[in-house]
Amino acid sequence: SALVQTARDTASEALKATELKEKIKRKSLTIRYDNRTFKFYPDSHTISLTTVQGRLVYPVAHSPLIGKYKGKYTNAQLVIDEKGNRIFIMVQVKLPDKEVMKKEDVKILGIDRGIKNIAVLSNNMFFNSKHLREVKGRYQYLKRGLQHLGTRSAHRKLRKLSGRERRFVRDVNHVISKKIVSLPYDVLSLEALEPAKMKHNGKGKKFRRMLGSWSPSELEKFIEYKAEDLGKSVIYINPKYTSQKCSRCGYISKDNRHGSVFKCKNCGFELNADLNASRNIEVLGKSECFRLLSTSQSLRHDESPLMGGGENSNKLRSFSEE
């Protein structure tokens, strides 16, 4: 009955995701398990699963992630790939947060994410997207040609290309996020972006294509969990006026920015537009950080931590094993 319930929940969520407007294309076979239907034993590298044939025990491959993420295993998902020759078990682990921002002299880094520059940091570090856009452009060119053919073999090739493109973008975001969180800063300040609501009307087909291939949310997710593993914190600020505000005098005007160049109409300060925005994000991050620290000071008599450490503030981590 427990397996039937999880199958029902999985199907319901899939239908809600498509809003019942289209058929669901099955890319791989998946089975969801909860703490009633599976047990993971990291020391012996085995997992016990409930099946229609009773409780069965299977070995899992060794991985350093098993030792790194030891905690309370809450649920799992069994995934069988399209070819059926590999089986993965994705186990979700509940871990207590690491305490961060315990001192008042925290070092804050402002991060501006964009299309031409994947990330620009307030310490004058740039991560250019030129190579990423070139590779994605080649993939887009090949995919357009395959879509025009419309044959079965073209569709198979199209799926392979799409998978390669996703893995390439994911790798780029992993590399960038790892470099960012390894910098000597305690708090990383980001804009609370919503790419789906970004305006692109009237900016041309090229800009819309670039915006569609942008993946700031994935980079944000990678920065979050990598920072947490190192005991660092990520805070989000309102992105309003960060690209129009002068980081030196605070003057706000749409005329301050012209493409990639920022020149203040009030004080004449000139700087790269993305770098200027990252410095504004750093300043706003400091304000938010100090506000949180002040709140923490007032709550100390209740032994309520600022970020992390509480029983109700656990994060979830997952790892996959073949």
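Here the structure is a predicted model, which means the values were calculated and not measured.

Engineer: Help me get a handle on a positive patch on the surface, residues and values and all.
Structural biologist: The grouping of Arg152, Arg156, Lys157, Arg159, Lys160, Arg164, Arg166, Arg167, Arg170 and Lys221 at the surface amounts to a positive patch. Sorting elements by how many residues they give to the positive patch places helix α4 (residues 152-181) first, with nine residues. Among the secondary structure elements, Arg170 is positioned in helix α4. On the basis of relative accessibility, which here comes to 34%, the residue Arg170 falls in the partly exposed class.

Engineer: Tell me about the sheet that holds strand β14 (residues 270-272), and name the residues and values.
Structural biologist: Paired through backbone hydrogen bonds, the strands of a sheet run either parallel or antiparallel to each other. Spatial ordering of the open sheet is given by β12-β13-β14, a layout of three strands whose pairing is antiparallel. Bordering the open sheet on either side are β12 (257-258) and β14, each of which pairs with just one other strand. With two bridges joining them, β12 and strand β13 (residues 261-263) adopt antiparallel strand pairing. Within β13, the position partnered with Arg257 by the bridge is Phe262.

Engineer: Quick rundown of the confidence of the model for the protein? Include the residues and the values.
Structural biologist: Regions with low pLDDT carry predicted coordinates that are not meant to be interpreted in detail. On average, residues of the protein score 79 in pLDDT, and 77% of them reach the 70 mark or higher. In the model, residues 301-322 has pLDDT below 50 throughout and makes 66 contacts with residues more than four positions away in sequence or in other chains.

Engineer: Describe the packing of aromatic side chains, naming the residues involved and giving the relevant values.
Structural biologist: Applying the stated rule across the entire model yields two aromatic pairs. Pairing Phe40 with Tyr73 gives two aromatic rings, centres 5.0 Å apart and planes at 85 degrees, and the pair type is edge-to-face. Pair noted here: Phe40 is in strand β2 (residues 38-41) and Tyr73 is in strand β5 (residues 72-80), with a separation of 33 residues, a long-range link. Taken individually, Phe40 and Tyr73 each receive the classification buried, so the pair is uniform in this respect. Aromatic pair Phe222 and Tyr225: ring centres 6.2 Å apart, planes at 85 degrees, arrangement edge-to-face.

Engineer: Account for the nonpolar core, naming residues and giving values.
Structural biologist: Membership of the largest hydrophobic core comes to 27 residues, with the highest contact counts inside it found for Leu109, Ile111, Leu121, Ile176, Ile180, Leu188 and Ile223. When contributions to this core are tallied by element, the ones reaching two or more residues are β7 (108-113), β8 (117-121), α3 (130-149), α4, β10 (187-191) and α6 (216-229). It is α4 that provides the largest number of residues to this core, a total of nine residues. Once residues lying within four places of it in the same chain are set aside, the contact partners of Ile180 are Leu109, Ile111, Ala119, Leu121, Phe127, Leu188 and Ile223. Membership of the second largest hydrophobic core comes to 15 residues, among which are Ile47, Val60, Tyr73 and Leu78.

The rules behind each value
- Residues numbered from 1 in each chain as written.
- Predicted model: local features only at pLDDT ≥ 70, side-chain atom pairs only at ≥ 80, totals over all residues.
- Heavy atoms only, no water.
- Patch = residues over 30% accessible without salt bridge, like charges linked within 9 Å, V, L, I, M, F, W, Y side chains within 5 Å.
- Areas by Shrake-Rupley, 256 points an atom, 1.4 Å probe, with all protein chains shown as cover.
- Salt bridge = Lys/Arg side-chain N within 4 Å of Asp/Glu carboxyl O.
- Lys, Arg positive; Asp, Glu negative; His and termini not counted.
- Charge placed at Lys NZ, Arg CZ, Asp CG, Glu CD.
- Helix = DSSP H or I, 4+ residues; strand = E, 2+ residues; numbered from the N terminus.
- Buried < 20%, exposed > 50% of the residue type's maximum accessible area, 1.4 Å probe, protein only.
- Pairing = 2+ DSSP bridges.
- pLDDT = per-residue confidence, 0-100.
- Contact = heavy atoms within 4.5 Å.
- Phe/Tyr/Trp six-rings, centres within 6.5 Å; stacked < 30°, edge-to-face > 60°.
- Core = buried A, V, L, I, M, F, W, Y, C linked by side-chain atoms within 4.5 Å.

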